[in-house]
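Examining the three-dimensional arrangement
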Protein chains: 2
Amino acid sequence: MNKKRTTLKDIANVLSISTAAVSKALNDDARISVKTKKAVKQVAKELNYQPNHLASALRKGKSNLVGVIVPRTNSSFFSSVVENMEEVLNKAGYNIIITQSNESFEKECKNIDALLYTQVDGIIASMANETVDLSYYEKIKSYGIPLILFDRGENDLNVDYVGIDDYKSSHMIVDHLVSQGCKRIAHIGGYRRTRIFNNRIRGYIDAIKKHDLPHDDELLIESSLTLEDGRQQIEKLLALKNRPDAVYVASDYAALGSLQVLKEKGIKVPEEIKLVGFGNEPFTSLVTPSITSINQHSEQIGKLAAETFLGYLERDVVVQSLNKIILDSELIVRSSSE
Amino acid sequence: MNKKRTTLKDIANVLSISTAAVSKALNDDARISVKTKKAVKQVAKELNYQPNHLASALRKGKSNLVGVIVPRTNSSFFSSVVENMEEVLNKAGYNIIITQSNESFEKECKNIDALLYTQVDGIIASMANETVDLSYYEKIKSYGIPLILFDRGENDLNVDYVGIDDYKSSHMIVDHLVSQGCKRIAHIGGYRRTRIFNNRIRGYIDAIKKHDLPHDDELLIESSLTLEDGRQQIEKLLALKNRPDAVYVASDYAALGSLQVLKEKGIKVPEEIKLVGFGNEPFTSLVTPSITSINQHSEQIGKLAAETFLGYLERDVVVQSLNKIILDSELIVRSSSE
DNA sequence: TATATTTGTTTAATCGATTAACCAAAAGTA
DNA sequence: TACTTTTGGTTAATCGATTAAACAAATATA
């Protein structure tokens, strides 16, 4: 019942030729006659031959698999990035293995091990927020396979990186809020140890200074940026003697949490407080009021990361260096800030 | 630079024993002395040995990989299912390969081929809405590896299935709406060719009859259930001479689309029209008004699907049959319907 | 002491595809 | 004709781990 799969040998037997000839015929080797090729392909089709990937990968030392690690797939940004990566890689004959870290360092390490174990030819990853210890990423490098980071990267790893200009994005947001007449702009950011959040914070601070606005310590908060964080941190800002008139939240999820609290307390957005998120998650346009946010060009990021990986294929020794591709972001203005 | 990976042979050379002994030592074979085992493990650690999965998988005829196909990862339902599957499978020594069909039949076929090519030991899938032709799924079965379907299944395939009781869920929704005083309940459903949507439609119709309410053809609409569909179909319902006082939408995304239109038109929800979605996506609790929906127990579905797969490991011949695990769903009542 | 059993390991085959090296026959060339 | 080149393959090794079968040495048993 559980019929054995067809192998090269089966085809070879039918035609009374060697398996080598069959292999070459299927791979369109120049040294095989057109006649033989035709016959081989014909029999292969008849016997429903499917190459055994494990065998060829073992022999060739190449699996044609690329591992992808994302904090979570359940986010339109990451899912769009992955989709676009897949498209590019599929075209080049690669399949991808998606894993999610759920923002957990431990899970991320397990994923890395699982991917290396599966003998992927490269890894494209966006780091978990928790991750500080880079040893597992160093391990990838020590395997001699390309490692490409996107969105959540780390300079110290000295590998390729694709992402947007977070520093500049903060400027765009602050500039916009100032143009809307805001004078006291708060920032609910991520933790500085994560590069992208640090850049957003630096951008925020510099932009505030640029506009000669108060750079008040109490207006800058670091958090994990979950929805719940957004709720808690806005409460802190609302409790201030001198409330802000605008809040720039470094994640749409947290921004949504903040919006919920503002609505619950009957504070009018954008009239009393203007709100800006980050990431352009679909719900930002769906909630009331819709939330102004930053579009990170997930399609571009996915494609560029995949192409960066493919760029390594031509070289036979992988030597990586810090090589950043920084894309411009786009401010999508919605009701929450105008 | 690109250092060769350590193999069994390297360890064997260091200790001047055979690779067979090394292999057995690492696998804790009873015939290897404790002394040798210790020495082997010691050297393996020193040389940072990592087994080559391709080689062992090829030899054992087992990859310890499970393929997962979902319509999209960018949905809390599917992402939660996958997460829970992964947890169960990881514990059993399996890794998963996630692929998404984007609701496209063509992409789904490609994914199936890619997974079979990677020599996965089994496939757990939720079918794309488009999929009618089952030949690619039959192909999986013909490979003799277990196929488990969840959420979007198909009786004709005669394989295991894990999902909720859609028929009963419709009854719960209609019962609830009736208890809120609704007299004209419309249903924006999926296409009947998809089993789950057909069941929801049947449930809707039977529940309507049960309550002696008008079962009006114009109140039942089939669509693709995207957000955009939700917008278009509600327009149709609003254009009716005799408008419904409640709309049960078979997907949260479409429900959201409908809600947007209702709000745009200034129609009060739930006062003028009550609205119920399906799937309990996170945004249902985030939008205003929050949307009543059905929780599908993604955690349970993920775990049970994974366990069903693991159940096949003990048997050496895979013989599958239609074996359904149907879970009860849960109605989460929110502002849009009360 | 002679034989049987156990212990611990080695040898060699194997999984299936690829490929370097080799070779015979056909065709080309001087 | 004699030698070279081209064509179209074949042979055999290889990727790395596993495992059936063989085997030597140590130990037990009669």
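Residues numbered from 1 in each chain as written. Chains lettered and ligands numbered in written order. Predicted model: local features only at pLDDT ≥ 70, side-chain atom pairs only at ≥ 80, totals over all residues. Heavy atoms only, no water.

What follows concerns the nonpolar core. One finds Ile123(A) and Ile123(B) to be the most contacted residues of the largest nonpolar core, which totals 183 residues. Each residue touching Ile123(A), except ones within four places of it in the same chain, is listed here: Gly67(A), Ile69(A), Leu115(A), Leu116(A), Ile140(A), Ile145(A), Pro146(A), Leu147(A) and Ile148(A). (Core = buried A, V, L, I, M, F, W, Y, C linked by side-chain atoms within 4.5 Å. Buried < 20%, exposed > 50% of the residue type's maximum accessible area, 1.4 Å probe, protein only. Contact = heavy atoms within 4.5 Å.)

This brings us to the relation of the copies chain A and chain B. Two chain copies, one operation linking them: a rotation about an axis together with a shift along it. For the pair chain A and chain B, the relating rotation is 180°, the translation along its axis is 0.1 Å, and the fit reaches an RMSD of 0.1 Å. Taken together, the rotation angle and the small translation identify this as a two-fold axis. Interface overlap between copies: 96% of the residues of chain A at the interface are likewise at the interface in chain B, consistent with a symmetric, same-surface contact. (Least-squares fit on C-alpha atoms with pLDDT ≥ 70 in both.)

Once that is clear, we can look at the environment of Gly190(A). All names here are of chain A. Topologically, Gly190 is positioned in the loop between β6 (185–189) and α9 (195–210). According to the relative accessible area criterion, Gly190 is buried, its value standing at 1%. Setting aside chain neighbours within four positions, we find Gly190 in contact with Phe197, Ile201, Glu222, Ser223, Leu225 and Ala250. (Helix = DSSP H or I, 4+ residues; strand = E, 2+ residues; numbered from the N terminus.)

Below, the discussion takes up the protein's contact with DNA strand C. Lining the immediate environment of DNA strand C, one finds 24 residues, of which Leu8(A), Tyr49(A), Arg59(A), Arg31(B) and Thr36(B) sit closest. Within 4 Å of the protein, atoms of DNA strand C come from sugar and phosphate in 55% of cases. Within the backbone of Asn52(A), an N or O atom sits 3.3 Å from a phosphate oxygen of DNA strand C. Side-chain polar atom of Lys24(B) to a base oxygen of DNA strand C: 3.0 Å apart, as the coordinates give it. Those elements that provide at least two residues to the surface near DNA strand C are α2 (19–26) and α4 (53–60) of chain A together with α2 (19–26) and α4 (53–60) of chain B. A per-element tally of the surface near DNA strand C places α4(A) first, with four residues. Considered class by class, the residues forming the surface near DNA strand C number ten nonpolar, eight polar and six charged. (Near = heavy atom within 4 Å. Polar contact = N/O pair within 3.5 Å; in protein donor to acceptor, adjacent residues only side chain to side chain. Nonpolar A, V, L, I, M, F, W, Y, C, P; charged D, E, K, R; others polar.)

What follows is about the sheet that holds strand β7 (residues 220–222) of chain B. The strands that make up a sheet pair up through hydrogen bonds in the backbone, lying either parallel or antiparallel. Residues and elements named next belong to chain B. Read across the open sheet, the four strands follow the order β7-β6-β8-β9; overall the sheet is parallel. Of all strands in the sheet, those bounded by a partner on one side alone are β7 and β9 (274–276). In this sheet, neighbouring strand axes are inclined to one another by 15° on average, regardless of whether the strands run parallel or antiparallel. Examined bridge by bridge, strand β8 (residues 246–249) and β9 share three bridges and lie parallel to one another. Each bridged residue has a counterpart across the sheet, and for Tyr248 the counterpart in β9 is Val276. Against the sheet, helix α10 (residues 227–238) engages β6 (185–189), β7 and β8, with an angle of about 150° to β6. Along the sheet, helix α11 (residues 252–264) makes contact with β6, β8 and β9, crossing β9 at roughly 160°. (Pairing = 2+ DSSP bridges. Axes fitted to C-alpha atoms, helices over the stretch in contact; angles between N-to-C directions.)

The next point concerns the packing of α10(B) against α11(B). Residues and elements named next belong to chain B. Contact pair α10 / α11: the axes reach a minimum separation of 6 Å and the direction vectors enclose 50°. With respect to α11, the axis of α10 lies oblique. Considering how the two elements wind past one another, α10 and α11 form a crossing that is right-handed. Each of Leu227, Gly230, Arg231, Ile234, Glu235 and Leu238 in α10 lies in contact with α11, whose residues at this interface are Tyr253, Ala254, Leu256, Gly257, Ser258, Gln260, Val261, Leu262 and Glu264. Along the lines of polarity and charge, the residues of the contact of α10 with α11 split into eight nonpolar, four polar and three charged. (Parallel < 35°, antiparallel > 145°, perpendicular 65-115°, else oblique. Left-handed = near helix turned anticlockwise from the far one by under 90°.)

The values are spatial; any link to function lies outside them.
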